[in-house]
Amino acid sequence: QARLRKELAANRVDLVPVIGSTNVHWMSLLDELKNGDICVAECQTEGRGRRGRPWVSPFGGQLIMSMYWQLEQGMSVAMGLSLAVGIAVVEALEAQGFAGVELKWPNDVYLNGRKLAGILVELSGTAGGPCQLVIGIGLNLVLPNTEQARIDQPWAELTELGPVDDRNALVVALSQQLQRSLAVFEQEGIAAFSQQWNRLDYFNGKPVRILMGEQVVLGIARGIDSQGALLLELESGKIKRFLGGEISLRAE
Ligand code: ATP
Ligand code: BTN
């Protein structure tokens with residue numbers, strides 16, 4: 001049989017053994033890429049999360065990929081997009097037989113209350129015009145002990161749900177689901193995903209702390225609104241909304 005040829009795929013697929021960051025690489029190629037093109041790596045030496053925080057990305061222990069997408073609507077809606085991406089990750093895992101994965105607003109994928117995967121959406125564009133996005137996903141499969149020691153919050157691995165036999169199938173499921181979800185997002189916005197979000201939201205109904213720089217707000221998480229903003233029920237019963245930016249959500 002002939003060797004599989006990635007040139008036959010409808011999308012460009014770069015497979016790299018070692019790279020600084022797949023997001024940085026794809027951001028440097030924006031004008032050469034088209035929707036759905038992916039870069040997949042075995043290992044990152046400078047994997048990154050939000051606000052420059054490190055993302056531990058050991059050899060073979062993770063599914064590491066970045067996808068290019070051009071969003072006609074521009075930056076104003078990009079915030080809600082990371083929620084749609086999280087839902088797509090969970091749906092792809094469910095389709096591969098991994099059930100029980102949940103989401104933490106705005107960009108984390110959770111398993112058993114610990115971080116299983118992270119999503120980093122980076123964008124380039126001017127206000128008002130279309131924007132170019134790189135959607136990065138790092139998903140723990142099974143991490144070596146030495147790498148676990150470098151992670152400063154509770155983490156999870158997909159193998160907790162069963163053996164991961166076929167990483168290729170996971171990459172394919174993930175990129176197909178992402179493409180489907182991004183197309184729906186472009187047509188209908190995050191509102192089309194609110195039911196799915198509320199099904200998968202780990203913190204829904206739980207007491208939480210919202211951190212905004214030095215400021216801390218306490219309340220009960222009440223899902224998202226039609227723009228993807230996090231809803232927090234304050235002690236007074238009033239609902240306060242938080243939309244993206246430099247906001248972190250924590251268990252109380
Ligand atoms: P936030 O709620 O603000 O997004 P966060 O702590 O999840 O908070 P991120 O910037 O989203 O922060 O993610 C980066 C963080 O993820 C790192 O600071 C580290 O705690 C954690 N982390 C790094 N590598 C891994 C990994 N392989 N698996 C799980 N967690 C990791
Ligand atoms: C986070 O939780 O803050 C997001 C982590 C995102 C990690 C992925 S791995 C692929 C892509 N390349 C990076 O450097 N980061 C993202």
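Residues numbered from 1 in each chain as written. Chains lettered and ligands numbered in written order. Predicted model: local features only at pLDDT ≥ 70, side-chain atom pairs only at ≥ 80, totals over all residues.

> For this particular structure, what's the right way to read the overall build of the protein chain?
Counting secondary structure elements, the protein chain contains five helices and 12 strands. Taking all 252 residues of the protein chain together, 35% fall into the buried category. Excluding contacts between residues fewer than 6 apart, the proportion of contacts in the protein chain whose partners are at least 24 apart in sequence is 63%. (Helix = DSSP H or I, 4+ residues; strand = E, 2+ residues; numbered from the N terminus. Buried ≥ 20, exposed ≤ 12 C-beta atoms within 10 Å, placed from the backbone. Contact = placed C-beta atoms within 7 Å.)

> Even after reading the chapter, I still don't get the site of ligand 1, so can you show me in this structure?
What surrounds ligand 1 is a group of 18 residues, the closest being Gly49, Arg50, Val56, Trp155 and Ser248. For the shell around ligand 1, the elements supplying multiple residues, two or more each, are strand 6 (114-125) and strand 12 (248-251). Here the residues of the shell around ligand 1 are counted per class, giving six nonpolar, six polar and six charged. (Near = placed C-beta within 6 Å. Nonpolar A, V, L, I, M, F, W, Y, C, P; charged D, E, K, R; others polar.)

> Sorry if this is basic, but what is going on with the nonpolar core here?
Across soluble globular proteins, nonpolar side chains show a tendency to be buried alongside one another. Ala84, Val85, Ile87 and Val89 are the most contacted members of the largest nonpolar core, which has 57 residues in total. Ranked by residues supplied to this core, first place goes to helix 2 (residues 78-95) with 10 residues. Counting contributing residues, this core receives three or more from each of domain 1 (6-200) and domain 2 (207-251). Valine 89 has contacts with Val109, Ala117, Ile137 and Leu174, leaving out every residue within four places of it along the chain. (Core = buried A, V, L, I, M, F, W, Y, C linked by C-beta atoms within 7 Å. Domains from an automatic or database assignment.)

> Could you clarify how one ought to interpret the site of ligand 2 in this entry?
As a matter of local geometry, ligand 2 sits amid 20 residues, with Ser21, Gly49, Gly118, Gly136 and Gly138 nearest to it. Looking at the shell around ligand 2, the elements that each hand over two or more residues are helix 1 (22-27), strand 3 (62-71), strand 6 and strand 7 (131-140). Residues belonging to the shell around ligand 2 are distributed by class as follows: five nonpolar, 12 polar and three charged.

> When you look at the domain arrangement of the protein chain in this model, what are you seeing that I'm missing?
The extent of an interface is frequently quoted as the accessible surface area lost upon association of the parts. For the protein chain, the domain assignment lists domain 1 (6-200) and domain 2 (207-251). For domain 1 and domain 2, the distance between their C-alpha centroids amounts to 24 Å. Elements represented by at least two residues in the side of domain 1 that touches domain 2 include exactly helix 2 and helix 5 (194-200). A class-by-class count of the residues in the side of domain 1 that touches domain 2 yields seven nonpolar, three polar and one charged.

> For this particular structure, what's the right way to read the environment of threonine 126?
Summarising the element assignment, threonine 126 is placed in the loop between strand 6 and strand 7. When the C-alpha atoms of threonine 126 and methionine 75 are compared, they prove to be 7.8 Å apart, with 51 residues separating the residues in sequence.

> Is there a simple way to think about the pairing of strand 3 in this case?
Walk down a regular strand and you will see the side chains alternate between the two sheet faces. For strand 3, the tally of buried residues reaches nine of 10 residues, placing the bulk of the element in the interior. As paired strands, strand 2 (residues 38-44) and strand 3 are joined by four bridges and run antiparallel to one another. Its bridge partner being in strand 3, valine 40 is matched across the sheet by methionine 65. Looking at chain direction, strand 3 and strand 7 are connected through 10 bridges and run antiparallel. Paired with isoleucine 64 across the bridge in strand 7 is glycine 138. (Pairing = 2+ DSSP bridges.)

> Quick question: what am I supposed to make of the sheet that holds strand 7 here?
Within a sheet, each strand pairs with its neighbour through backbone hydrogen bonds, oriented either parallel or antiparallel. What the seven strands build is an open sheet, ordered 1-2-3-7-6-5-4; its pairing is mixed. Strands with a single pairing partner mark the edges of an open sheet, and in this sheet they are strand 1 (13-19) and strand 4 (101-104). Sheet twist, expressed as the mean angle between neighbouring strand axes with direction ignored, is 20 degrees. Two strands pair when backbone bridges link them, and strand 4 and strand 5 (residues 108-111) are joined in this way by four bridges, in the antiparallel orientation. Directly across from glutamate 102, in strand 5, lies its bridge partner tyrosine 110. Packing against the sheet, helix 2 makes contact with strand 3, strand 4, strand 5, strand 6 and strand 7, and its axis sits at approximately 140 degrees to strand 6. Where helix 4 (residues 167-188) meets the sheet, it contacts strand 2 and strand 3, and its direction lies at approximately 25 degrees from that of strand 3. (Axes fitted to C-alpha atoms, helices over the stretch in contact; angles between N-to-C directions.)

> Can you help me understand the confidence of the model for the protein chain in this one?
Any residue range with low pLDDT should be treated as having predicted coordinates unsuitable for detailed reading. When pLDDT is averaged across the protein chain, the result is 92; 96% of the residues are at 70 or more. The ipTM assigned to the predicted complex is 0.97, against a pTM of 0.94. (pLDDT = per-residue confidence, 0-100.)

> Sorry if this is basic, but what is going on with the UniProt feature "binding site: biotin" (unreviewed entry) in the protein chain here?
UniProt records the feature "binding site: biotin" (unreviewed entry) for Ser21, Thr22, Asn23, Gln44, Arg48, Gly49, Arg50 and Lys115 in the present numbering. Among the structural elements, serine 21 can be located in the loop between strand 1 and helix 1. With near-sequence residues (within four places) excluded, serine 21 lies in contact with Gln44, Glu46, Gly47 and Arg48. Inspection of the secondary structure assignment puts arginine 50 in the loop between strand 2 and strand 3. Leaving out residues up to four positions away in the same chain, arginine 50 has contacts with Asn107 and Leu120. (UniProt positions renumbered as here; feature names shortened; annotations may be inferred.)

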